[in-house]
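# Architecture at a glance
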Amino acid sequence: MEGVGCVRNGTRRGRLQLRVLIIEDEPRLAENIARSLRESAGYAVDIAHDGQEGLFLAESNEYDVVLLDLMLPQMDGMQLLGRIRQAGQRTPVLVVTARDDKESVVALLNAGADDYLTKPFDLGELLARTKALIRRGKGQPSPILSVGDLELNTVNRSVRRGGRAVTLTAMEYRVLEYLAHRPQAVVSKTELLEHLYDYNWEKFSNVIEVYISGLRRKLDDGSSRQLIHTLRGQGYVLQDGTSPG
């Protein structure tokens, strides 16, 4: 059980961070998801590895979203979902499941799930869906990410700068969206590689510079202000204005 004391203390003082509960019995997957949420979005994350522990945390603390696996020891995810909904909790729940047949999806939604993601999944998509659920839960449904005069529509994956449409490759868009979720924060090359390629990122270690170069060429065309800045030895920053370094 991770971070329980922090959750309770944070609740008493008034929470400063968005908080996510991951209920997943595969430790490596749970840790990868948690790291992505912490590093890319700055969320506080708690992890439970079985249904009973997950139910205890969900009932004991306030979360902005719950990421719920279905195949859990002690108590399966569908039963857990039913329990928290019966208790009157309206916390958004994103179910992560290996099932993708229509009947299973309908059952999940009827049981109170807000969204679902089929395994195996891309961490970037999970992050985007998590953010969307949090926005909706807080009455902020806009899918637009803005940094200066840059706008990303995370639904149709379109990009505009200063009103001008910018055409990106799929990988360029993923890099840009990842940076846009962390404006003014330093994002390392390793973090970007892990986001793009998950477990096999080492063999693609030379491609980030290519994507960044392409993004700069396309985004800065016709503009006097550079958006993506390099901090030597640290990483990249998406920021409208002068370089932070």
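Scroll up to find the structure this text is about.
Here goes a summary of the coordinates provided.

Definitions and limits used
Think of each chain on its own: its residues are numbered from 1, step by step along the sequence as written. With the structure being a predicted model, the display of local features is reserved for residues of pLDDT at least 70 and the display and counting of side-chain atom pairs for 80 or more, all residues being used for whole-chain, interface and lining totals. Derived side-chain values reflect all non-hydrogen atoms in the structure, with water molecules and hydrogen atoms excluded from consideration. Segments assigned H or I by DSSP are reported as helices when at least four residues long, segments assigned E as strands when at least two residues long, and all are numbered from the N terminus. A simple rule labels every residue: compare its accessible area, found with a 1.4 Å probe on the protein chains alone, to the largest value its type can have, and call it buried under 20%, exposed over 50%, or partly exposed in between. All accessible areas in this document rest on Shrake-Rupley with a 1.4 Å probe, and a residue is counted as covered only by the protein chains that are shown. Lines are fitted to the C-alpha atoms to define the axes, a helix being fitted only along its stretch in contact, and any angle between axes, read from their N-to-C directions, falls within 0 to 180 degrees. Here the angle decides the label: under 35 degrees means roughly parallel, over 145 means roughly antiparallel, 65 to 115 means roughly perpendicular, and every other value means oblique. In what follows, residue pairs with any heavy atoms lying within 4.5 Å of each other are defined as contacts. All amino acids are sorted into three groups, where Ala, Val, Leu, Ile, Met, Phe, Trp, Tyr, Cys and Pro are nonpolar, Asp, Glu, Lys and Arg are charged, and the leftover types, Gly among them, are polar. At least two bridges found by DSSP between two strands are what make those strands a pair.

### A closer look at the overall build of the protein chain
Helix and strand counts for the protein chain come out as nine helices and 11 strands. Within the protein chain, the proportion of its 245 residues that are buried is 49%. For the protein chain, the computed accessible surface area is about 12000 Å², with 48% contributed by carbon and sulfur atoms.

### Considering the packing of helix α4 (residues 77-86) against helix α5 (residues 102-111)
Two numbers describe how α4 lies on α5: the axes approach to 9 Å, and their chain directions differ by 25 degrees. Judged by the inter-axis angle, α4 sits roughly parallel to α5. The segment α4 lies against α5, with Met78, Leu81 and Arg85 engaging Ala107, Leu108 and Ala111. Of the residues assigned to the contact of α4 with α5, the class counts are five nonpolar, no polar and one charged.

### Let's talk about unusual backbone geometry
Cis geometry is adopted by the peptide bond preceding Pro120, which originates at Lys119 and carries an omega value of -10 degrees. Tracing the backbone through its elements, the reader meets Pro120 in the loop between β5 (115-118) and α6 (123-137). Positive phi values are uncommon outside glycine, yet Gln74 reaches one of about 75 degrees. A relative accessible area of 62% means that Gln74 is categorised as exposed.

### Considering the sheet that holds β5
Read from one edge to the other, the open sheet built from five strands follows the order β2-β1-β3-β4-β5, with strand pairing classed as parallel. The open sheet is flanked by β2 (44-48) and β5, the only strands paired with a single partner. Averaged over neighbouring strand pairs, the angle between their axes works out to 20 degrees when direction is ignored. In terms of strand pairing, strand β3 (residues 65-69) meets strand β4 (residues 93-97) through four bridges, oriented parallel. The partner of Val66 across the bridge, within β4, is Val93. The strands touched by helix α3 (residues 51-60) are β1 (19-23) and β2; relative to β2, the strand with the most contacts, the crossing angle is about 145 degrees.

Just geometry here; none of it tells us what the structure is for.
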